[in-house]
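A look at the structure
Chain by chain, the residues:
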Amino acid sequence: MAGGNERSMKALKEVWRRAENSLCADCGKPDPDWASSTLGVFICLSCSGIHRNIPSISKVKSLKMDHWDDAQVQFLDKHGNAVTKATYEAHIPIYYYQPTYNDCQVLREQWIRAKYERKEFTEPGKQPPYSEGVKEGILWKRGRDNGQFLPRKFLLSEREGCLKYFTKQDAKEPKINIKIDVINATFQPVKIGNPNGLQITYLKDNKTRNIFVYHESGKEVVDWFNAIRSVQFHYLKVAFPIASDNEIKNRLTRNFLKEGYMEKTGPKQREAFKKRWFTLDHRRLMYFKDPLDAFAKGEVFVGSRENGYSVQKGLPSGTQGNFSWHYGLTIVTPDREYLFTCETETDQLDWITAFTSVINQAMTPQEYASKCLDPISFLS
């Protein structure tokens, strides 16, 4: 009996060591140490918890702590991540967002359920609800002034190329009509205080406007997210007919590079530093008094190094403004220097890394065109 166990463990380790099984099949996290004995995939601890919630589809076991019999090891050997992915991920729409281990729970859970439970990607030509070019329904939206979440009707239309929302279900005219090509959407469960919280951001008169929404159903809010990506993809295919699918995919919704509190001072660099919430959305650095503000108090364009932009650790010598946080950084632009302080050295280094990643990238023609943001808008 002991020899059989040793043989099974040796065979299990050989399958486990295959390159195809070195990353979690669902989120890509390195060194997964769990597996599904019914699906044949190697997964991480976090994804194993999601699998455990669909026991009719997947039964998970620890590769280190649980016993695997010969039949189960043979099943893993026959399948593994590559074979199973070839079945369950055979026909993923190019616009569908495939989450990683850095993404929130609702995105990862609905991705796993879409693959294995609903089998949305196993058949060619299958039309999931987010691919129809139109979506209508109720989302709970945070009020701009009172902060209350109230049900609002939203309408997404590929034909009209826009997203609308209505203050009343029977209203004929929308409160806001947003062009699909200026929309970004990113999940913000912590900031919104709801596990299904979604932040919709768009440009209005070249300034950023935020809408915060959620839905009680994780599936529904993720369907909305992918419906926005689907409509954006098809809109951009028409607008940029010579662009490749991957080029267009890279222009769909994106996560913010970095968010968090910093202190800032004004252009004279003698004013007291004030604590504000900052969001770095690629080349747009925005700040808010509160993370859930509808409008940014100010914005600044972050260009490339070859155009005179840089980030430096620390503040210029002789900085006179009073500040309570002592980990400073300076953004240098062709127009002026922007001074910030962070609460911890870790925050400081993270912000520097984020700014550096942007500054080191060459600017696209579209980014040159968008560089019309007036630095004065950042002074308040």
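The chain goes by ADAP1 protein in an unreviewed UniProt entry, where it is assigned to Cepphus grylle.

A separate point is the pairing of strand S5 (residues 149-157). Here strand S4 (residues 134-142) pairs with S5 via nine bridges, running antiparallel. For Lys141, the partnering residue across the bridge sits in S5 and is Leu150. Where S4 folds back on S5, the antiparallel hairpin that results is connected by six residues, among which Gly147 adopts a positive phi of roughly 75°. Summarising the sheet, S5 and strand S6 (residues 162-166) pair through five bridges and their orientation is antiparallel. Looking at S6, one finds that Phe154 is bridged to Tyr165.

The geometry of helix H5 (residues 105-117) relative to helix H7 (residues 218-239) is characterised by a closest axis approach of 10 Å and an angle of 90° between their N-to-C directions. The pairing of H5 with H7 is recorded here as roughly perpendicular in orientation. Residues Val106, Leu107 and Gln110 of H5 touch H7, and the partners they reach there are Gly218, Lys219, Val221, Val222 and Phe225. The residue makeup of the contact of H5 with H7, split by class, is five nonpolar, two polar and one charged.

A few words on the nonpolar core. Counting residues in hydrophobic clusters, the biggest one holds 54 residues, and the most contacted among them are Ile43, Leu156, Leu163, Ile183, Phe187 and Leu198. Mapped onto the domain boundaries, this core takes at least three residues apiece from domain 1 (1-117) and domain 2 (134-250). With sequence-adjacent residues up to four places away left out, Leu198 is seen in contact with Ala185, Thr186, Phe187, Gln188, Ile192, Ile211, Phe212, Val213, Val221 and Phe225. Counting 22 residues, the second-largest nonpolar core is a separate cluster that includes Val302, Val311, Phe340 and Ile352.

Bringing the sheet that holds strand S1 (residues 34-36) into the picture now. The strand order across the open sheet formed by three strands is S2-S1-S3, and the pairing between neighbours is antiparallel. Edge positions in the open sheet fall to strand S2 (42-43) and strand S3 (60-62), since each of these has one partner strand only. Pairing of S1 with S2, which is carried by two bridges, proceeds in the antiparallel orientation. Residue pairing across strands places Ala35 opposite Phe42, the latter belonging to S2.

In this section: the sheet that holds strand S15 (residues 310-313). What the seven strands build is an open sheet, ordered S14-S13-S12-S11-S17-S16-S15; its pairing is antiparallel. Each end of this open sheet is capped by a strand with a single partner; those strands are strand S14 (298-301) and S15. When strand polarity is set aside, the average angle formed by the axes of neighbouring strands in this sheet is 35°. For strand S13 (residues 284-288) and S14, the ladder comprises four bridges, and the chain directions are antiparallel.

It is worth spelling out the environment of Phe301 at this point. Mapped onto the fold, Phe301 is located in strand S14. Sequence spacing of Phe301 and Leu280 is 21 residues, and the spatial spacing of their C-alpha atoms is 9.9 Å.

Next up on the list: the pairing of strand S8 (residues 183-187). Counting buried positions along S8 gives five out of five residues, so the element sits mostly inside the fold. Residues Ile183, Ala185 and Phe187 of S8 are buried on one face, and the alternating residues Asn184 and Thr186, pointing to the opposite face, are buried as well. When S8 meets strand S9 (residues 198-204), the two strands line up antiparallel, connected through five bridges. Of the residues in S9, the one forming a bridge with Ala185 is Ile200.

Using the residue numbers shown here, the UniProt feature "domain: Arf-GAP" (unreviewed entry) corresponds to residues 6-129. The distance from the first to the last C-alpha atom of residues 6-129 is 48 Å, and the span holds 40% helix and 6% strand.

For the structure on display, the rule yields 19 salt bridges. One salt bridge connects Lys164 with Glu160, and the closest N-O pair in it is separated by 2.8 Å. Classification of Lys164 by relative accessible area gives buried; the value is 13%. Look at Glu160 and you get partly exposed, because its relative accessible area is 37%. Across the pair Asp245 and Lys237 runs a salt bridge, and its minimum N-O distance is 2.7 Å. Relative accessible area serves as the criterion here: at 31%, Asp245 is assigned to the partly exposed category. On the accessibility criterion, Lys237 (31% relative accessible area) is partly exposed.

Turning our eyes to something else, we now look at the packing of helix H2 (residues 45-52) against H5. Their axes nearest at 10 Å, the elements H2 and H5 cross at an angle of 55°. As far as their axial angle goes, H5 and H2 are oblique. Remark: the crossing between H2 and H5 carries right-handed chirality. From H2, Ser46, Cys47, Ile50 and His51 reach across to H5, where they touch Gln105, Arg108, Glu109, Ile112 and Tyr116. Here the contact of H2 with H5 is composed, by residue class, of four nonpolar, three polar and two charged.

Analysis parameters
Residues numbered from 1 in each chain as written. Predicted model: local features only at pLDDT ≥ 70, side-chain atom pairs only at ≥ 80, totals over all residues. Heavy atoms only, no water. Pairing = 2+ DSSP bridges. Helix = DSSP H or I, 4+ residues; strand = E, 2+ residues; numbered from the N terminus. Axes fitted to C-alpha atoms, helices over the stretch in contact; angles between N-to-C directions. Parallel < 35°, antiparallel > 145°, perpendicular 65-115°, else oblique. Contact = heavy atoms within 4.5 Å. Nonpolar A, V, L, I, M, F, W, Y, C, P; charged D, E, K, R; others polar. Core = buried A, V, L, I, M, F, W, Y, C linked by side-chain atoms within 4.5 Å. Buried < 20%, exposed > 50% of the residue type's maximum accessible area, 1.4 Å probe, protein only. Domains from an automatic or database assignment. UniProt positions renumbered as here; feature names shortened; annotations may be inferred. Salt bridge = Lys/Arg side-chain N within 4 Å of Asp/Glu carboxyl O. Left-handed = near helix turned anticlockwise from the far one by under 90°.

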